[in-house]
Amino acid sequence: MEWGMKGMAEGLRGKGVIAGIAVGRIMMAGQNIDGYLKGYQPGNKDIENQKIKDAIKAVVAVLQENIKTLQAKDMVEQAAILEAHRMLAQDPMMEETMHTKVEELANAPLAVLDTAKEQAAIFEQMDDPYFRERATDIRDVGKRIAKYILGVKEPEIGDDPVILCGHEIEPSVIANIPTDKIAGVVLGQGSTTCHAVIIAKARAIPTVVGIGERLAEIPDGALVILDGERGDILVRPDEMTLADYREKIKQQEERKAYYAELAPLPAVTTDDVRVELCANIGNHMDVDAALTYGAEGVGLFRSEFVFMGRQDIPTEEDQFKAYKEAVEKCGGKICVIRTMDIGGDKPLPYLNIPPEDNPFLGYRALRISLQRRDLFLPQLKAILRAGVYGKAAIMAPMVINVAEFKKVLDFVEEAKLELSHEGKAFSENVQVGIMVETPAAAIMTPELAKYVDFFSIGTNDLVQYTLAVDRGNSSISYLYNHFNPAVLRLIQRTAQAAKDNGIWCGMCGEMASDPLAAVLLLAMGLSELSMSAPSIPRVKEKIRSVSSVQAKELLADVMKMEDGEEIKAYLQKVLA
Ligand code: PEP
Ligand code: MG
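Everything quoted here is computed from the prediction, not taken from an experiment.

**Examining the overall build of the protein chain**
Broken down by element type, the protein chain carries 23 helices and 17 strands. Here the C-alpha atoms of the protein chain give a radius of gyration of 26 Å, agreeing with the 25 Å that 2.2 N^0.38 yields for 576 residues. Taken along its principal axes, the extent of the C-alpha atoms in the protein chain is 80 × 70 × 40 Å. Across the protein chain, the fraction of contacts at a sequence separation of at least 24, relative to all contacts at a separation of at least 6, is 68%. Of the roughly 25,500 Å² of accessible surface on the protein chain, a fraction of 52% belongs to carbon and sulfur atoms. On the protein chain, the mean spot of the 65 positive side-chain charges and the mean spot of the 84 negative ones are 2 Å from each other.

Below, the structure is given as structure tokens:
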């Protein structure tokens with residue numbers, strides 16, 4: 001059904017960032033406190049200054065309580081966000097500015113809000129989207145302090161879950177509401193990397209962002225349907241539309257139940273060729289959910305997320321704790337930990353990397369690690385130590401030549417030596433491999449295969465570098481096709497080099513989650529496919545429906561074709 005086509009339903013479209021359908025009443029978050037401000041009766045300046053001090057103390061206490069709760073639940077990333085808020089609330093410079101403003105305004109909540117607004121404006125003018133989004137955090141903290149002074153209560157939610165809606169919702173608001181009380185989230189602004197979305201994602205709450213000014217068309221308390229995949233919001237849907245979507249929710253549930261039945265079954269072709277399906281994770285907490293989708297291990301732990309959402313470099317101990325948990329949770333199944341892949345679209349402010357014209361071609365990933373032993377050695381040591389608790393593997397990102405990988409091996413040896421001297425237990429059997437995500441690496445796989453324990457093909461970058469198509473630029477996304485013959489030939493070359501040298505070859509780029517591609521990949525001889533966990537059942541379903549003979553025939557046909565679109569259309573027709 002097309003949105004907005006039936007009955008009274010008014011359709012708004014944003015960007016779906018967390019999939020799933022939700023039906024619920026809108027609850028405006030990011031409360032409007034103008035009314036409270038108008039009715040506020042300030043005291044003398046001393047009283048107003050004291051109110052600021054008391055409010056900061058109270059807000060910090062609540063934040064500390066929240067941080068403790070999140071840490072107890074191992075929600076490290078979310079705890080780090082609130083920790084950043086705590087530090088902002090206790091920033092002496094901010095407080096000093098607030099007191100200075102009391103001199104002018106003689107009104108504590110106004111002084112607090114004005115200070116936060118000024119500071120946020122500085123961040124908002126920065127080029128880097130990461131810093132721009134930190135403006136929300138500053139406003140959030142300011143508003144919290146002001147709300148305490150004004151005596152504003154947090155929103156109270158009844159029995160039914162709500163759809164939280166606001167131009168920007170403070171991460172603390174979402175973090176403080178129990179998951180079963182939030183059916184969905186709608187943001188006027190926002191992106192996949194804003195903190196409100198990061199918190200919602202960890203809880204799989206369907207979310208739509210980027211509605212913009214049209215947010216004003218969504219009344220508080222209105223019943224809406226939210227489609228987190230397509231980005232649709234249907235305001236006050238009619239009965240017929242509601243019935244349609246309730247049917248979709250039912251199908252969603254049935255599909256989930258069917259996939260749950262598939263979870264324990266192997267990904268095996270009708271003639272017994274087995275492929276290992278693993279999960280891509282950004283956090284040790286993601287492993288449990290991945291296993292429920294039937295993941296047979298972790299094919300890519302994006303360790304840079306252990307470095308992000310915090311104020312400083314995580315220590316060897318911090319990292320060891322995170323990796324050990326992931327490895328342990330994998331229970332003897334492989335857990336491939338990719339070394340830090342910072343740079344490109346993943347900035348890390350505390351590394352102070354100067355802005356670059358071409359960050360995807362710049363100082364990033366392994367290039368940073370090889371120059372920063374203070375970062376690389378503790379990370380390698382932490383992974384080697386985690387290896388004692390299961391089957392860990394080290395994977396280097398963005399490799400372009402053999403020399404770089406030899407340096408990685410030298411670092412691994414040095415890390416082992418240091419651990420031996422320090423008397424710390426570590427595993428000698430941690431495999432060391434590379435991501436094949438640059439055309440240079442793919443072309444050099446026959447040589448690289450002599451040194452590595454495995455290849456894992458990173459198509460997200462391999463496609464962008466091979467085709468010279470920015471992976472994040474929507475205006476040229478029609479060119480970004482993993483079936484492009486140039487890409488397929490590099491993948492086939494990599495698989496062949498692995499086979500010739502007796503090492504395993506997998507894939508951890510998004511291409512692995514495309515069931516049509518999976519058939520070609522198994523025919524090329526890839527033994528492992530790693531993807532975001534919810535994609536595992538679809539891929540498994542497809543693999544279990546074909547024979548390896550059929551897959552090889554398809555591969556032979558496809559490799560004769562000249563055009564990526566033609567290949568895609570052919571596979572869609574044959575494998576539908
Ligand atoms: C890739 O490039 O395919 C990949 C898996 O890494 P990332 O998406 O983190 O760059
Ligand atoms: Mg990559």
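**Quick word on helix 3 (residues 76-89)**
An α-helix turns once per 3.6 residues; consequently, residues spaced three or four apart project the same way. A rise of 1.5 Å per residue sets the reference length of helix 3, with its 14 residues, at 20 Å; its end C-alpha atoms lie 20 Å apart and thus fit the reference within 8%. Of all the 14 residues making up helix 3, 10 are buried; the element is thus mostly covered by neighbouring parts of the structure. All buried positions along helix 3 are accounted for by E77, Q78, A79, A80, I81, L82, A84, H85, R86 and A89.

**A look at a negative patch on the surface**
Taken together, the side chains of E562, D563, E565 and E566 make up a negatively charged region of the molecular surface. Within the element layout of this structure, E566 appears in helix 23 (residues 564-575). Overall, the relative accessible area of 39% leaves E566 in the partly exposed class.

**Considerations on the coordination of the magnesium ion (ligand 2)**
Protein coordination of the magnesium ion (ligand 2) is provided by E437 (OE) and D461 (OD), with donor distances spanning 2.1 Å. Within this pair, whereas E437 is found in the loop between strand 14 (431-436) and helix 16 (439-443), its partner D461 is found in helix 18 (residues 459-467), the two being separated by 24 residues in sequence. D461 gets classed as buried once you look at its relative accessible area, which sits at 3%.

**Observations regarding the packing of helix 2 (residues 45-72) against helix 3**
Where helix 2 meets helix 3, the axes come as close as 9 Å, and the angle between the chain directions of the two elements is 165°. Accordingly, the angle class assigned to the pair helix 2 and helix 3 is roughly antiparallel. The element helix 2 and its partner helix 3 pack so that their crossing is left-handed. From helix 2, I56, V60, L63, Q64, N66, I67, L70 and Q71 reach across to helix 3, where they touch Q78, A79, L82, E83, H85, R86 and A89.

**Notes on the site of ligand 1**
Close to ligand 1 lie 14 residues, the nearest being R302, R338, G458, N460 and R471. R302 places a side-chain nitrogen or oxygen 2.8 Å from an oxygen atom of ligand 1. Take G458: an N or O atom from its main chain is 3.3 Å from an oxygen atom of ligand 1. Protein contact buries 99% of the 290 Å² of open area that ligand 1 shows by itself. Here ligand 1 occupies the largest cavity. Broken down by secondary-structure element, the contributors of at least two residues to the shell around ligand 1 are strand 11 (298-302) and helix 18. Looking at which element gives the most residues to the shell around ligand 1, the answer is helix 18, with three residues.

**Quick look at the nonpolar core**
Residues Y323, F455 and L529 are the most contacted members of the largest nonpolar core, which totals 102 residues. With nine residues, helix 20 (residues 515-524) is the largest single contributor of residues to this core. Those residues in contact with L529, other than ones at most four positions away along the chain, are V275, E276, L277, C278, M507, A512, A518, L521, V539 and I543. In this structure, M75, M94, A108 and I138 belong to the second largest nonpolar core, which totals 31 residues.

**Some details on the pattern of salt bridges**
Enumeration over the complete set of coordinates arrives at 29 salt bridges. The shortest N-O distance in the salt bridge between R385 and E317 comes to 2.9 Å. Of the two residues, R385 is situated in helix 14 (residues 373-386) and E317 in helix 12 (residues 316-329); the sequence distance between them amounts to 68 residues. Residue classification places E317 among the partly exposed residues on the basis of a relative accessible area of 42%.

**Let's talk about the side chain of N481**
Take N481: it is sitting in the loop between helix 18 and helix 19 (485-500). Given the relative accessible area of 8%, N481 is considered buried. For N481, the side chain forms a polar contact with the side chain of E565, separated by 3.3 Å. Once residues lying within four places of it in the same chain are set aside, the contact partners of N481 are V463, L467, V487, G564, E565 and K568.

**Points about empty space enclosed by the protein**
Following the criterion strictly, the structure yields two cavities of 30 Å³ or more and no others. Taken as a whole, the largest cavity spans an internal volume of roughly 100 Å³. Contributing to the lining of the largest cavity are 17 residues, with R302, R338, N460, D461 and R471 lying nearest its centre. Elements with a contribution of two residues or more to the lining of the largest cavity: strand 11 and helix 18. Top contributing element to the lining of the largest cavity by residue count: helix 18, with three residues. Looking at the lining of the largest cavity residue by residue, the classes come out as four nonpolar, four polar and nine charged.

**Considerations on the packing of aromatic side chains**
This structure, assessed with the given rule, holds five aromatic pairs. When the centroid spacing of 6.1 Å and the interplanar angle of 55° are considered together, the rings of F320 and Y389 count as tilted. With F320 in helix 12 and Y389 in the loop between helix 14 and strand 13 (391-396), this pair connects stretches of sequence that are 69 residues apart. On the basis of relative accessibility, which here comes to 12%, the residue F320 falls in the buried class. You can call Y389 partly exposed: its relative accessible area is 36%. Measuring from centroid to centroid gives 4.6 Å for F454 and W504, while their planes differ by 10°, and the two rings are stacked. With F454 in strand 15 (residues 454-457) and W504 in strand 16 (residues 504-507), this pair connects stretches of sequence that are 50 residues apart. Positioned above the aromatic ring of Y389 is the side chain of K324, whose terminal nitrogen or guanidinium carbon lies 4.8 Å from the ring centre.

What counts and how
- Residues numbered from 1 in each chain as written.
- Chains lettered and ligands numbered in written order.
- Predicted model: local features only at pLDDT ≥ 70, side-chain atom pairs only at ≥ 80, totals over all residues.
- Heavy atoms only, no water.
- Helix = DSSP H or I, 4+ residues; strand = E, 2+ residues; numbered from the N terminus.
- Rg over C-alpha atoms; globule rule 2.2 N^0.38 Å.
- Contact = heavy atoms within 4.5 Å.
- Areas by Shrake-Rupley, 256 points an atom, 1.4 Å probe, with all protein chains shown as cover.
- Lys, Arg positive; Asp, Glu negative; His and termini not counted.
- Charge placed at Lys NZ, Arg CZ, Asp CG, Glu CD.
- Expected span 1.5 Å × (residues − 1).
- Buried < 20%, exposed > 50% of the residue type's maximum accessible area, 1.4 Å probe, protein only.
- Patch = residues over 30% accessible without salt bridge, like charges linked within 9 Å, V, L, I, M, F, W, Y side chains within 5 Å.
- Salt bridge = Lys/Arg side-chain N within 4 Å of Asp/Glu carboxyl O.
- Donors = N, O, S within 2.8 Å, 3.2 Å for Na, K, Ca; no water.
- Axes fitted to C-alpha atoms, helices over the stretch in contact; angles between N-to-C directions.
- Parallel < 35°, antiparallel > 145°, perpendicular 65-115°, else oblique.
- Left-handed = near helix turned anticlockwise from the far one by under 90°.
- Near = heavy atom within 4 Å.
- Polar contact = N/O pair within 3.5 Å; in protein donor to acceptor, adjacent residues only side chain to side chain.
- 1 Å grid on protein atoms, 1.4 Å probe; cavity = no way out; pocket = protein on both sides within 12 Å on 5 of 7 lines; lining within 4 Å.
- Sits in = over half its atoms within 2 Å of the grid points.
- Core = buried A, V, L, I, M, F, W, Y, C linked by side-chain atoms within 4.5 Å.
- Points joined across faces, edges and corners; volume = space filled by probe spheres on them.
- Nonpolar A, V, L, I, M, F, W, Y, C, P; charged D, E, K, R; others polar.
- Phe/Tyr/Trp six-rings, centres within 6.5 Å; stacked < 30°, edge-to-face > 60°.
- Lys NZ or Arg CZ within 6 Å of the ring centre and 35° of its normal.

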